[in-house]
Amino acid sequence: MNISFLIKTALLDARTQWGKLVLFIASIILGISALVAINSFNDNIVADIDNQSASLLGADLVVTGNKAIPVDLATMLDSLPGERATEHELLSMAYIPKNDGSQFVRLKAIEGAFPFYGEFLTTPASANETFRKTNGLLVDDGFLKQFKLTAGDSIKLGTQILPIAGSLDNNPGGAGIGSGFAPTIYLSLETLKSTDLMQAGSMIDYAYFHQVNEALDVDEWKSQRRRTFSNESMRIRTINDQRENLEEAFNALNTFLNLVALVSLLLGCIGVASSVFIYIKNKVNSIAVYRCLGMKANQAFFIYFLQIMIIGMLGSMVGAALGSFIQVVLPKVFSDLLPFAIETTIAWPSIFQGLTLGFVITSLFAMIPLLGIRKISPLRTIRSNVEEGAPTRDPLIYMVYGLIVISLFLYLFSITGSLLDSAIFIIGLLVAFFVLYLFSKLLIWAIRKYFPRNWSFVFRQGLSNLYRPNNQTQILLVTLGLGTAILSTLFIVQGLILENVASFDEGEQPNTILFGIETNQIEDLKQKTREFDMPVVEEVPIVTMRIAGWQGRTKSEWLADTTRTARRWAINREIRVTYRDTIDDSEKLIAGNFVGSVNPGDSIFISLDEGYAENLDVEIGDEIEFNVQGMLVKTYVSSLREIDFTSMRTRFFIVFPLGVLEQAPQFQVLVTKSPSEDVLNAYRSDVVKTFPNVSVVDLSSILKTLNDILSKISYAVQFMAGFSILTGIIVLLSSLLLSKFQRVKESVLLRTLGASRAQILKIYATEYAIIGILSAATGIILSLVASWLLVTFQLDLEFRIQYLPLILVFFFIVSLTVLTGLWMTKDVVQKSPLETLRKDV
Amino acid sequence: MDEPVDVVKVDQLSKVYSGHGKELTVLKEINFSVKAGESVSIIGPSGSGKTTLLGLCAGLDAPSSGSVSLFNQDISKLNEDQRAVLRNDKVGFIFQNFQLIPTLTAIENISIPMELKGLKNIKSTAMSLLDRVGLSDRAKHYPNQLSGGEQQRISLARAFSNNPKLLFADEPTGNLDGDTGAKVEDLLFDLNRENGTTLIIVTHDLELATKTQRRIRLKNGEIVEDSRV
Ligand SMILES: Nc1ncnc2c1ncn2[C@@H]1O[C@H](COP(=O)(O)OP(=O)(O)OP(=O)(O)O)[C@@H](O)[C@H]1O
Ligand SMILES: [Mg+2]
């Protein structure tokens, strides 16, 4: 017998059978399309990060800080060749006279030709020039839409009413998802100065942009001066930093997406194995006849191997094509989460990679049932065997299992880059597999042992179907259980993340914060607040200062010490300090004594946040010297506090006692609670009109934005999980179909013997309900373990179970199983019994 | 016995299979009726339509035209569930190819009609039936662990298990050696004699055919002989 004969036989044999391979093809297509789509998407993200880092930064090098650059550093910067530009950024209230609205905004005053890379897309196009040369404002398009404003309308900033020059339609500088809190308004520095918003106490962020000619290595330049700048709390960023930041930010997303792809692929593989298994099972008799007529075992294997490979190849290609198409959709799903628009191009390497990998893994899975062909004996033509299906003692099978584990491991390693993570995932998967397998064994054993002999016939029949020859209890429990576990892990983790955020919103928390208040305005503001029937929950003075020394050493000596354990940022940062004589109820004293007030001339005792003290590595009794706006103040640490970060209060790393800072330059923060949005709007407009320098921040709208972002994330997560669910359903179908033909015949026989339709339905409903209930329950238990591990060790969240999604998942899986099981019996009523009975011989 | 009624009445029954563009008429306007307690054999060459006729009579298939009445009820007017109940109550069927449920043991196969009826003492009845067909030591065997003749006898026992008023048997002795075949025949005719069960037997075995009260010969889908002994 030669090859061409075998190929011919393979094609002839498959001729009438394509329909039976639908599930096989569907499994391959879904698995590979998920893989290709996600791989391509990731490739495009990486490519775009490379392309876009320059325009996201807008310059080759940026120096930022929350104060104007000191002269010596400025001289250093000036020595850089090329173009430069500056930006002053501050948060403020904007008042909209047209509809008496107000909004918390981010003002960015530009001087120079920023951005050097990328550009502002504006409507009208000329607005990009106008806002630099006139007092016109370039305003975020979302903000304009929200307040129904157009170019020509005006906005009041500080003391000035300014015209809108146009809308800004893109996101230069990658404002990203945070921009929802405070929409951006670009304006010229002259214009900003005219508003009187730049005052001594106002918090301004400064940025100095440089476009350097190409000969100079800015990263080299940076590494030499980084220290000098950071000692002055100035930070240098280059395009490379930007790229690394972005890559890091996307790493988590990438890993998540890759795991989803892997899970879809795995489920697809189970689908492949079980659908090939069905196919081969239907072929057993033909194969036995071929063998009777003198075909060798390996030749028989080759015939079906060839069929499966050809179809597998075709399916893989369709999958790759579909995946490339889905890849075009993905950026839309994620668009709200990405700081830039992803360009979708056909990523040939990913397609190729997905195709090869998918094909290799699915082929390996298909091999498991295919190898069984070699053991089919010609004796079958005379008498069918009791033990049907793939023999397990074939060493080649174990080799295939080994290859599957190795290739999965290699793939995991290639996407996570961590041997440990890959090993953990594989082991977790194997454990889940094993648990489900053992559980199904146990179940079968238990049913046999404790069979309820006095139940009604239909229930006993349904129950005993679980352990009868050719039962599908094990394959169904494993595939369904695994699918359920994945699905509910997703739900649990997502729910926990959402819950952790939502817990901010509870109770009688204050919801409005006013800041930037000057000391002489505070009484009037309190008065106004009471007029609106709103309580003054907190009234906090804030003094900014820096650390000047510790334990008798100056700050520079401290920083220069090579044995220093304190963190550089903790020493260098500008600290916002308050003073009061009590501990807040959102705080807890955990060490030392809190000193409420001191007399002039006495030693000054301060209280530190526990975490901040740890970063500074100071202890109770240590001496710290502060530079309070030019004046040196020596203090001693007398207590440590723990702050509850979920409470809606102002929180301070350092609290001074009364009697020290009262005369220092300071501004005030006022915390209040508005009963409704309408009251808040009226209050805000009123405050903004009277006190243009005061900012009113609505915390509940921030929470809303945060929840928006989270719901977008969970939408994206669910979209991806959809892949897994879809493949899971295919697997479910193919494993149920595994014995469909046998089941249909059985039911027809039962009918010829007088069973009513209802009785047959009850038998199968019992069987599939038990399978569905048990696999869903086991899957959910597994997912609880998995998500507990994930939540505790990866996400650092408190683990709590939300029951509703789990109940939903449970009922979804159970009803899906039962309905699919019942759907199979539909042939029983449609076809005449005699026709079905004739079929098998 | 009362005035014998028509247990089976076949009226102008035709069956046409269509497929691959051709029509194949398997049964042509068949008419006959069988009285209660009668034993009838249907004979004819292979492919003449015997199994088809039996299947139509038992309501396992739908006729192309004409009608079948069982116990004075036109079965085409019953829905599938009502037909199932009728079969369970009054009709037994022995298939040419046995049709045991492969996932059930011998004794479980025999028990099904009684289980469906909701009878008591199923197990002992099933065991005594198994004994009658000489297979009491095979109770826990699955069909594929039994020889063809043994499967045939199990299917016989199953057909008896609900005490049918009407029994259709498609080649009940086809796979059996002389001795066993004779035993099976005895069982069938005992049932006919003791319970008044109406027997309709399809067979190639002319010797068996002579033992029935009536013989119907089929050829090319038509009745060519209908004779009483
Ligand atoms: N589903 C079908 N489609 C087309 N033709 C069919 C179908 N089922 C049966 N036939 C044909 O109907 C004819 C009668 O078949 P039947 O099984 O009734 O024969 P039989 O008399 O029982 O033969 P045997 O003695 O071999 O069992 C045969 O020629 C067969 O090929
Ligand atoms: Mg026949």
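Residues numbered from 1 in each chain as written. Chains lettered and ligands numbered in written order. Predicted model: local features only at pLDDT ≥ 70, side-chain atom pairs only at ≥ 80, totals over all residues. Heavy atoms only, no water.

**Side note on the pattern of salt bridges**
Following the criterion strictly, the structure yields 30 salt bridges over all chains and no others. The salt bridge involving Lys588(A) is made with Glu642(A); its shortest N-O contact spans 3.6 Å. Linking Lys588(A) in strand β15 (residues 587-592) with Glu642(A) in strand β18 (residues 631-643), this pair joins segments that are 54 residues apart in sequence. When its relative accessible area of 49% is taken as the criterion, Lys588(A) is described as partly exposed. Classification of Glu642(A) by relative accessible area gives partly exposed; the value is 34%. Taking the shortest distance from any N to any O, the salt bridge between Glu38(B) and Arg228(B) comes out at 2.6 Å. Taken together, the residues span a long stretch of sequence, with Glu38(B) in the loop between β2 (22-35) and β3 (39-43) and Arg228(B) in strand β10 (residues 222-228) at a distance of 190 residues. Looking at Glu38(B), the relative accessible area reads 6%, which means it is buried. The exposure class of Arg228(B) is exposed, given its relative accessible area of 57%. (Salt bridge = Lys/Arg side-chain N within 4 Å of Asp/Glu carboxyl O. Helix = DSSP H or I, 4+ residues; strand = E, 2+ residues; numbered from the N terminus. Buried < 20%, exposed > 50% of the residue type's maximum accessible area, 1.4 Å probe, protein only.)

**Some words on the pairing of strand β20 (residues 667-672) of chain A**
In summary, the side chains of a regular strand alternate between the two faces of the sheet. Residues and elements named next belong to chain A. With 6 of 6 residues buried, β20 is to be regarded as a mostly interior element. With 5 bridges connecting them, strand β11 (residues 512-518) and β20 associate as antiparallel partners. Across the sheet, the residue bridging to Ile-517 is Gln-668, located in β20. Bridging between strand β12 (residues 536-550) and β20 involves 6 bridges; their strand directions are antiparallel. Directly across from Val-536, in β20, lies its bridge partner Thr-672. (Pairing = 2+ DSSP bridges.)

**Overview of the site of ligand 1**
Close to ligand 1 lie 13 residues, the nearest being Ser46(B), Lys50(B), Thr51(B), Thr52(B) and Gln96(B). This site is not confined to one chain, since residues near ligand 1 come from chains A and B. Gly49(B) places a polar main-chain atom, nitrogen or oxygen, 3.0 Å from an oxygen atom of ligand 1. Contact between ligand 1 and Thr51(B): an oxygen atom at 2.6 Å from a side-chain N or O atom of the residue. Out of a free accessible area of 640 Å², ligand 1 has 69% covered by protein chains. (Near = heavy atom within 4 Å. Polar contact = N/O pair within 3.5 Å; in protein donor to acceptor, adjacent residues only side chain to side chain. Areas by Shrake-Rupley, 256 points an atom, 1.4 Å probe, with all protein chains shown as cover.)

**A word on the packing of helix α2 (residues 22-57) of chain A against helix α10 (residues 348-371) of chain A**
Residues and elements named next belong to chain A. For the pair α2 and α10, interaxial distance at closest approach is 8 Å and the crossing angle is 150°. As α2 runs across α10, the sense of the crossing is right-handed. Seen from α2, the contacting residues are Ile-28, Ile-32, Leu-35, Val-36, Asn-39, Ser-40 and Asp-43; seen from α10, they are Ser-350, Ile-351, Gln-353, Gly-354, Leu-355, Leu-357, Gly-358, Phe-359 and Thr-362. For the contact of α2 with α10, a count of residues per class yields 8 nonpolar, 7 polar and 1 charged. (Axes fitted to C-alpha atoms, helices over the stretch in contact; angles between N-to-C directions. Left-handed = near helix turned anticlockwise from the far one by under 90°. Contact = heavy atoms within 4.5 Å. Nonpolar A, V, L, I, M, F, W, Y, C, P; charged D, E, K, R; others polar.)

**Remarks on helix α13 (residues 457-464) of chain A**
Within α13(A), 7 of the 8 residues are buried, which leaves it mostly tucked inside the rest of the structure. Three or more residues of α13(A) are buried, namely Phe457(A), Val458(A), Arg460(A), Gln461(A), Gly462(A), Leu463(A) and Ser464(A).

**Digging into the interface of chain A and chain B**
Each partner contributes to the interface: chain A provides 31 residues, whereas chain B provides 30 residues. Of the roughly 2700 Å² buried where chain A meets chain B, counting both sides, 58% is carbon and sulfur surface. In terms of surface lost to chain B, no three residues of chain A exceed Phe457(A), Leu753(A) and Leu834(A), which account for 22% of the buried area on that side. Linking chain A to chain B there are 1 salt bridge. Ionic pairing is found between Arg460(A) and Glu115(B), a salt bridge with its closest N-O pair at 2.9 Å. Inspection of the region where chain A meets chain B yields 4 residue pairs in polar contact (both at pLDDT 80 or more). Looking at the side of chain A that touches chain B, the elements with two or more residues in it are α13, α21 (740-752), α22 (757-795) and α25 (833-838) of chain A. Within the side of chain A that touches chain B, the residues separate by chemical class into 12 nonpolar, 9 polar and 10 charged. (Buried area = accessible area lost by both parts, 1.4 Å probe.)

**Thoughts on the environment of Ala273(A)**
All names here are of chain A. Summarising the element assignment, Ala-273 is placed in helix α8 (residues 239-292). Assessed through its relative accessible area of 16%, Ala-273 is described here as buried. Residues Ala-273 and Ser-734, spaced 461 residues apart in sequence, show a C-alpha to C-alpha distance of 9.4 Å. Leave out the neighbours within four places in its chain, and Ala-273 touches Phe-365 and Pro-369.

**Observations regarding the sheet that holds β10(B)**
Residue and element names in this part refer to chain B. In space, the 6 strands of this open sheet follow the order β6-β7-β8-β3-β9-β10, with mixed pairing throughout. The open sheet terminates on both sides in strands that have one partner only, identified here as β6 (91-94) and β10. Ignoring which end each strand starts from, the neighbouring axes of this sheet average 15° apart. Two strands pair when backbone bridges link them, and β3 and strand β9 (residues 214-219) are joined in this way by 4 bridges, in the parallel orientation.

**A word on the confidence of the model for chain A**
Overall, the prediction assigns chain A a mean pLDDT of 80, with 84% of residues at 70 or greater. Here residues 385-391 of chain A is a poorly scored stretch, pLDDT under 50, and it has 14 contacts once near neighbours within four places are set aside; other chains count. (pLDDT = per-residue confidence, 0-100.)

**A closer look at the pairing of β12(A)**
Residues and elements named next belong to chain A. Within β12, 12 of the 15 residues are buried, which leaves the element mostly enclosed by the surrounding structure. One ladder, built from 4 bridges, connects β12 with strand β17 (residues 623-628); its direction is antiparallel. Its bridge partner lying in β17, Arg-546 is registered against Asn-627. As judged from the 2 bridges shared by β12 and strand β13 (residues 553-554), these two strands associate in the antiparallel manner. Counterpart to Gly-549 in the pairing with β13 is Thr-554. Hairpin connection from β12 to β13: 2 residues lie between these consecutive antiparallel strands, with Gln-551 at a positive phi of about 50°.

**Some words on unusual backbone geometry**
A cis amide bond, omega -5°, links Phe114(A) with the succeeding residue Pro115(A). Omega for the bond connecting Thr123(A) with Pro124(A) falls within 30 degrees of zero, at -10°, which places this linkage in the cis form. One can find Pro124(A) in the loop between β4 (122-123) and α4 (127-133). A positive phi angle, close to 40°, is found at Glu29(B), a residue other than glycine.

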